[in-house]
Amino acid sequence: MEARLFLAALLLSCTPIRTSPTSGDVCTLQKITKDKVSYMTGKTARGCMSRSTVGKLQEVHVLQVKMLLFQLNVSSAGRTTPPERKVLFVIICDQFCVVTLHSADLHSTFVSNNKVYAVMGEVAPPFEKTSDEQLVQWVKDHNDNITSFTELENPHHIHFRVGEDASSPENCIVQPGFNAQRYLQIECLVPEVKGCTSPGAKKGKEAHILRVQEGPAETSSQPVEVKVTVVCPEGKPLQDLEILLILQSQANVTWNIDTQRTVSIMASGKYRITRFPSEQLDERVLPDSEQGLIGLAHQRGFDDVASYTVIPSATHVTLELHRCEVKTPPPTPAQHPKTVNIVQTFFSLLPPWKCTDDSIEIVMPKMNLKDLNDYITDITLQDPRCRAEQNQTHFVLKRYLGDCHTKLESEVLARSKLILTLASSPEKVEVPFNCSLPRELRLQLYRTQDFKWPSTTLLEVNKAAYIQVSFRADSPQTFLEVEECSLQIAGEVPQQLLIQPVEPFGQAVTILKPTEATLGRELHRFSFIYSPAGGGPFPPCATLACRVQHSNGSTSVETEVTLQDTRPPSSSLGIEAVVGITFAAFLIGTLLTAALWCIYSHTRPTAKLQPVPTNAPASESNSPNHSIGSTQSTPCSSSSMA
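All of the points below concern the structure found in this document.

The rules we used
- Residues numbered from 1 in each chain as written.
- Predicted model: local features only at pLDDT ≥ 70, side-chain atom pairs only at ≥ 80, totals over all residues.
- Heavy atoms only, no water.
- Pairing = 2+ DSSP bridges.
- Helix = DSSP H or I, 4+ residues; strand = E, 2+ residues; numbered from the N terminus.
- Axes fitted to C-alpha atoms, helices over the stretch in contact; angles between N-to-C directions.
- Buried < 20%, exposed > 50% of the residue type's maximum accessible area, 1.4 Å probe, protein only.
- Contact = heavy atoms within 4.5 Å.

**Considerations on the sheet that holds strand E39 (residues 509-511)**
Taken together, the four strands give an open sheet; going across it, the order is E33-E35-E40-E39, and neighbouring strands pair in antiparallel fashion. Each having just a single partner strand, strand E33 (441-446) and E39 make up the two edges of the open sheet. Put simply, the sheet's adjacent strands are angled 20° from each other on average, direction ignored. Pairing analysis gives eight bridges linking strand E35 (residues 464-471) to strand E40 (residues 522-529), with the strands arranged antiparallel. Counted as the bridge partner of Tyr-466 is Ser-527 from E40.

Below you can see the structure in the form of structure tokens.
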């Protein structure tokens, strides 16, 4: 009953009730950056599939990808491909190809006109010819047939299922707009989300228009999953938000809407809400034009068209809205404008801040502060726990870049505030500042597996050391691949190789699980244990070096480290020696005791022949002679009594 009331209210909210005064205005769409729209599809720019390799030695799949950087996930899920079946991928890409195989039992080989980086699988050298036509011709010359050909535009992730379909055509004839859903799904980000706001639009009330341009109408229903989420990476998501969702496509599309919000819906074709799967609702045909759909939103009283997105074809669409609750700042005491201005101007002329790759540093000589009319007693960042230490000459602060409420913008800019305490007043002065982050390649050594800041230059012998290679660039699509790392001990030849292309070198090296980029950087991490050959002495210095391939080419980076011996001194005794000495001491003590008892037993008869006084006066009982005699005769007396 509650579900029916909810759906009835939802339908009622979609019934036209008024015409907005601005409905006649032309809404000019402009690019927005706060929202993110992604989708999955099996439609390709061009493609084909054939059964011509059934029964042959291997499958042959050709991928032509128009994207600088992408990821290919290959699996055999849902297919009956034999484990020993060989698969050849021919990849035509613009620059770099990052390949990840999710099925270890696949015997895959990759050939490309550019370098291919593969987590698993055999990687052939780059193809010597660069044109697409020559590469396809090379495939045909070296392989009898092609299993599939696929041309993709701007994919971020490609999910590819290997295997052959006996119902496919005999030959692979390339077709535009080919539907490769049987073996391929791609994830794409909408490169440009647009929106427009009319004057006087009410806050907290917005419309989102989604158009999916499917191909020619088919007889069967085409399902499209639509997920709407409201997120706030920096705080609490906005709760008081009224959303109108307009979904426009062909009449045979069925929309499955997944959202935890109360959303008004206008859709072409049929739609259902995943929370109430048994209820399917029909809607009318919507306008098939940009201004027609925008005018429809205005008629519903939604003058803020927060997003207008057009997608060629999709099976899943995710609309991620970035909306945060507005924080009401606490009232601050009034400050004298002149004092604030003087302090802020002073720090802008003599900035004490500096940003490194992973930290913020504040160094302010107290001598420079003497020109101020007021004395500064304390300096912190936005987090009061991030307080500068001071000595007789300087204020000094160094903190991790991810702490102290520091914000990163555009991956290469850090924003924060200095909070200054003045001696003449309890009021605090805020000095906003920003600093550029160095765009450089760094090689750092850490003591622990959590890579806890700060780094170190001390390499302990026979203990695990943790290495991080980081790179920061202007583009968010930063690519980083560690090709080789080595440890060069001073005075020793050759160097100790730690990482070679694709895999670690030796059992003492471990490639750690890749992490997402932190602080706007691309990270690669591994650990190793250095043990000197033969356990002998070693020099105090060494050099860590790595050769890295990234989006701008190949670069080498190195850092000097100091070796520290954590082994116990050679003169110290191990546990085996301690146990041996203890046992020997016990054995010797036992033997000595046995020897003394043997001597005593053989001399006891002699003791019996010594005279023993029987009638000594009682007064002599305390004399020394009597004491000695009593002591010597005790064993004998005991023996007689026995």
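Okay, back to it.
**So, the sheet that holds strand E26 (residues 359-365)**
Ordered in space as E25-E26-E29-E28, the four strands form an open sheet in which the pairing is antiparallel. Of all the strands in the sheet, just strand E25 (353-355) and strand E28 (389-390) have a single pairing partner and so form its edges. As paired strands, E28 and strand E29 (residues 394-400) are joined by two bridges and run antiparallel to one another. When the sheet's bridge partners are listed, Gln-390 is paired in E29 with Phe-395.

**A word on the pairing of E26**
For E26, the buried fraction is high: five of the seven residues fall into the buried class. For E25 and E26, the ladder comprises three bridges, and the chain directions are antiparallel. Note on E26: the bridge partner recorded for Trp-353 is Ile-362. The turn joining E25 and E26, which pair antiparallel and follow one another in sequence, is formed by three residues. Direction of pairing for E26 relative to E29: antiparallel, over a ladder of seven bridges. Of the residues in E29, the one forming a bridge with Glu-361 is Lys-398.

**Things to note about the side chain of Glu-206**
Mapped onto the elements of the fold, Glu-206 is located in strand E16 (residues 205-212). Residues in contact with Glu-206, not counting those within four places in the same chain, are Leu-241, Glu-242, Ile-243, Leu-244, Phe-302, Asp-304, Ala-306, Leu-321 and Arg-323.

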